[in-house]
Amino acid sequence: LAKTTQPISMDSYEGQEVNITCSHNNIATNDYITWYQQFPSQGPRFIIQGYKTKVTNEVASLFIPADRKSSTLSLPRVSLSDTAVYYCLVGEIILTGGGNKLTFGTGTQLKVEL
Amino acid sequence: GAGVSQSPRYKVAKRGQDVALRCDPISGHVSLFWYQQALGQGPEFLTYFQNEAQLDKSGLPSDRFFAERPEGSVSTLKIQRTQQEDSAVYLCASRMGTGTSGGGTDTQYFGPGTRLTVL
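I will try to describe carefully the structure that is included in this document. Computed from a predicted model, the values in this text were never measured in an experiment.

All told, the structure shown has two disulfides over all chains when counted by the stated rule. The disulfide partner of A:Cys22 is A:Cys88, and the gap between their sulfur atoms is 2.2 Å. Here the disulfide of A:Cys22 and A:Cys88 is left-handed, its torsion about the S-S bond being about -80°. With A:Cys22 in strand β2 (residues 18–23) and A:Cys88 in strand β8 (residues 84–92), this pair connects stretches of sequence that are 66 residues apart. For A:Cys88, a relative accessible area of 0% translates into the label buried. Residue B:Cys23 pairs covalently with B:Cys92 via a disulfide, S to S 1.8 Å. Residues B:Cys23 and B:Cys92 are joined by a disulfide whose S-S torsion is about -65°; by sign, that bridge is left-handed. Taken together, the positions of B:Cys23 in strand β3 (residues 19–24) and B:Cys92 in strand β9 (residues 88–95) put the pair 69 residues apart, joining distant regions of the chain.

So this is what it looks like as structure tokens:
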């Protein structure tokens with residue numbers, strides 16, 4: 001499984017755009033990049049997933065350069081409620097008999113202030 | 001619809017006691033996972049079920065940990081003779097299918113977790 005590296009923490013203010021970059025130098029051809037969000041006392045929640053270029057949904061955008069050795073989660077106009085831990089995960093897309101267990105790192109603690 | 005639920009939400013045990021943690025996955029979800037999350041760390045995989053079959057238990061830290069899903073729905077994680085190092089949040093996740101289908105990884109939906117404290 002590809003190892004991921006992301007900043008331990010980030011601070012921002014309401015209304016700003018936040019970009020969290022994750023490095024995954026050993027990403028394999030079959031790997032997707034997935035981001036989860038976790039609030040205190042809750043389980044992680046899926047945010048977005050991509051394979052290459054750019055993916056956008058109602059919550060965030062995910063930018064993946066051509067070499068796929070890094071990815072950037074972009075949160076537009078954050079609010080206080082976006083304060084959470086954000087995890088970058090890299091995993092296989094091919095079903096190999098079940099599993100696809102998720103491998104989390106320590107994540108990035110995002111703190112949004114007024 | 002209802003999400004993944006876990007009970008109890010909090011459990012305090014004395015060292016040496018046995019505990020049982022319950023997970024109710026989303027109805028109809030085939031796959032079920034257990035994770036352990038220590039304070040300040042990301043979740044770590046424990047075990048995986050596809051229906052009632054336990055296909056991967058490589059993450060269980062010792063033979064004191066046992067998981068079951070006898071009817072392919074509700075699952076129980078049992079920890080025997082608890083130790084202080086077992087203190088953590090235990091998360092359950094379920095997934096509709098058995099994995100990927102060429103379009104990315106089938107999303108795992110997590111429950112709120114059970115916080116276990118061993119004194």
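Here the narrative resumes, following the displayed structure.
On to unusual backbone geometry. All names here are of chain B. Backbone torsion omega between serine 7 and proline 8 reads -10°, so that peptide bond is classified as cis. Positioned with a positive phi, asparagine 51 is a non-glycine residue whose angle comes to about 55°. Here asparagine 51 lies in the loop between β5 (44–50) and β6 (53–56). Owing to a relative accessible area of 34%, asparagine 51 belongs among the partly exposed residues under this scheme.

Moving on, we get to the side chain of B:Thr82. Residues and elements named next belong to chain B. For threonine 82, the position within the fold is in the loop between β8 (75–79) and β9. Using a relative accessible area of 0% as the deciding quantity, one classes threonine 82 as buried. Leave out the neighbours within four places in its chain, and threonine 82 touches Ala13, Lys14, Arg15, Gly16, Gln17, Val19, Arg64 and Val118.

What counts, and where the lines are drawn
Residues numbered from 1 in each chain as written. Chains lettered and ligands numbered in written order. Predicted model: local features only at pLDDT ≥ 70, side-chain atom pairs only at ≥ 80, totals over all residues. Heavy atoms only, no water. Disulfide = S-S within 2.5 Å. Helix = DSSP H or I, 4+ residues; strand = E, 2+ residues; numbered from the N terminus. Buried < 20%, exposed > 50% of the residue type's maximum accessible area, 1.4 Å probe, protein only. Contact = heavy atoms within 4.5 Å.

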